[in-house]
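# Residue-level structural notes
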Amino acid sequence: MNIKKIAAAALTAVMGFGLVACGSTATTSSTTTTGGATTTAAAGATTTTASGSTSGSFTTAEKGVLHVATNAAFPPYESTTDDGGFTGIDIDLANAIADKLGLTVTVDNMDFGSIVAAVSGGKSDIGMAGMSVTDERKKSVDFTDTYANSKQVIIVTEDSDIQTPDDLSKADKIGCQEGTTGYMYCSDTPENGGYGEDHVIAYNNGIIAVQALLAGKVDAVVIDEQPAKEYVKSNPGTKILDAAFTDEDYAICVSKNNPELREAVNNALNELKADGTVQQIIDKYITAD
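A short tour of the structure in this document, coming up. (Residues numbered from 1 in each chain as written. Predicted model: local features only at pLDDT ≥ 70, side-chain atom pairs only at ≥ 80, totals over all residues. Heavy atoms only, no water.)

Turning our attention to the overall build of the chain. A tally of regular secondary structure across the chain gives eight helices and 19 strands. With 289 residues in all, the chain has 52% of them scored as buried. Within the chain, counting contacts between residues at least 6 apart in sequence, those at least 24 apart form 75% of the total. Carbon together with sulfur atoms contributes 48% to the accessible area of the chain, which is approximately 12,600 Å² in total. (Helix = DSSP H or I, 4+ residues; strand = E, 2+ residues; numbered from the N terminus. Buried < 20%, exposed > 50% of the residue type's maximum accessible area, 1.4 Å probe, protein only. Contact = heavy atoms within 4.5 Å. Areas by Shrake-Rupley, 256 points an atom, 1.4 Å probe, with all protein chains shown as cover.)

Let's shift gears to the environment of G113. By secondary structure assignment, the location of G113 is in the loop between β10 (104-109) and α2 (115-120). Expressed as a C-alpha distance, the spacing of G113 and E178, which sit 65 residues apart in the sequence, is 6.1 Å.

Scanning the entire structure with this criterion turns up zero disulfides. There is no disulfide at C186, and the cysteine sulfur nearest it, in C176, is 4.1 Å away. (Disulfide = S-S within 2.5 Å.)

In this section: the packing of helix α1 (residues 89-101) against helix α8 (residues 277-285). Direction vectors running N to C along α1 and α8 enclose 155 degrees, while the axes themselves pass 9 Å from each other. When the axis of α1 is compared with that of α8, the two are roughly antiparallel. Between α1 and α8 lies a crossing whose hand is right-handed. Contact residues: I89, D92 and L93 in α1; V278, I281, I282, K284 and Y285 in α8. Of the residues assigned to the contact of α1 with α8, the class counts are six nonpolar, no polar and two charged. (Axes fitted to C-alpha atoms, helices over the stretch in contact; angles between N-to-C directions. Parallel < 35°, antiparallel > 145°, perpendicular 65-115°, else oblique. Left-handed = near helix turned anticlockwise from the far one by under 90°. Nonpolar A, V, L, I, M, F, W, Y, C, P; charged D, E, K, R; others polar.)

Moving on, we get to the pairing of strand β13 (residues 148-157). β13 sits mainly inside the fold: eight of its 10 residues count as buried. Sheet topology places β13 next to strand β18 (residues 246-250); five bridges connect them, and they run antiparallel. Within the sheet, the bridge partner assigned to A148 lies in β18 and is Y250. Pairing analysis gives four bridges linking β13 to strand β16 (residues 220-224), with the strands arranged antiparallel. Residue Q152 lies in a different strand from β16, and its bridge partner there is D224. In terms of strand pairing, β13 meets strand β17 (residues 238-240) through three bridges, oriented antiparallel. Among the inter-strand pairings, I155 is bridged to a residue of β17, identified as I240. (Pairing = 2+ DSSP bridges.)

Another point: the packing of aromatic side chains. Per the counting criterion, the structure on display carries three aromatic pairs. Ring centres of Y77 and Y250 lie 5.0 Å apart, and the angle between their planes is 85 degrees; this geometry places the pair in the edge-to-face category. A residue pair is termed long-range when its members are at least 10 positions apart, and Y77 in the loop between β7 (73-74) and β8 (78-80) and Y250 in strand β18 qualify at 173 residues. Aromatic side chains Y185 and F245 sit 6.4 Å apart centroid to centroid with 45 degrees between the ring planes, which places their arrangement in the tilted category. (Phe/Tyr/Trp six-rings, centres within 6.5 Å; stacked < 30°, edge-to-face > 60°.)

The subject of this paragraph is the nonpolar core. If you look at the biggest cluster of nonpolar residues, it comprises 35 residues, and the most contacted ones within it are L93, I97, L101, I126, M128, Y147 and I252. Those elements that place two or more of their residues in this core are β6 (65-70), α1, β10, α7 (259-274) and α8. For this core, the leading source of residues is α1, giving eight residues. If we ignore the near neighbours within four places in the chain, the residues touching I126 are L66, H67, V68, A69, V119, I252, C253, V254, L261 and V265. Core analysis: the second largest hydrophobic core is formed by 14 residues, V156, L168, A220 and F245 among them. (Core = buried A, V, L, I, M, F, W, Y, C linked by side-chain atoms within 4.5 Å.)

This paragraph deals with the side chain of S124. Locating S124 in the fold gives a position in the loop between α2 and β11 (126-127). When its relative accessible area of 2% is taken as the criterion, S124 is described as buried. At a separation of 2.8 Å, a polar atom in the side chain of S124 contacts the side chain of D108. (Polar contact = N/O pair within 3.5 Å; in protein donor to acceptor, adjacent residues only side chain to side chain.)

As for its placement among the helices and strands, T60 is situated in strand β5 (residues 56-60). Separated by 3.0 Å, the side chain of T60 and the backbone oxygen of E62 make a polar contact.

If you want it as structure tokens, here you go:
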């Protein structure tokens with residue numbers, strides 16, 4: 001387990017886009033670069049120093065802290081540990097970014113469908129949850145550059161008649177995690193390549209969706225590839241179809257009202273991509289088949 005700076009904080013899950021910022025005061029931080037070190041100073045606060053070359057000013061919901069909204073039921077990107085902590089690609093990457101900015105990380109664990117609202121409302125600073133960039137999400141939040149690629153895949157039972165993505169048209173019910181791109185694609189109208197909302201059931205997380213598949217409540221589950229592998233490994237009698245449903249990229253979402261933070265996070269992310277840290281983190285959790 002490699003969780004160096006996680007402050008214990010799990011938000012009570014909230015549903016939909018009704019979440020608004022409350023109970024926290026934004027703190028403005030200024031960063032300057034001298035000799036390759038970044039100094040971060042909050043108004044009226046002591047100065048902290050972090051490595052990296054990020055500069056400018058940015059705002060966080062809590063002084064000295066980067067609040068990261070996630071849904072910790074999405075291994076290997078984020079999941080809970082036996083001692084109540086958090087682990088995964090996004091957790092390690094969030095800590096690496098925070099190091100660059102002179103901040104510590106607090107994980108705000110919530111339903112996936114609440115993440116965009118938490119970030120856009122200022123309750124959390126960034127959202128990292130294996131989140132794909134979509135036009136719909138871009139209406140509410142901004143995104144950094146991408147840091148990982150994934151696929152939407154199809155999980156079925158071993159004896160299923162569904163053998164290709166085209167066979168999904170035979171499914172009476174398709175299970176997805178609520179708020180995900182898999183749900184967006186599948187619940188869209190047939191004219192747009194989807195199957196219609198009447199044929200899709202949204203679940204709080206992928207684990208519950210796969211349990212519904214085994215119980216015969218749905219005929220297939222559409223979800224991201226890496227967590228799908230974990231779910232299938234833990235649920236004998238299921239399999240992933242060879243052909244992917246779609247390909248997509250993951251990025252970090254940031255409030256539209258905080259472009260300075262997006263720039264700072266993006267700069268830190270690109271430094272971590274350039275020096276190989278991002279790939280090292282991914283390789284730690286995802287081994288070659």
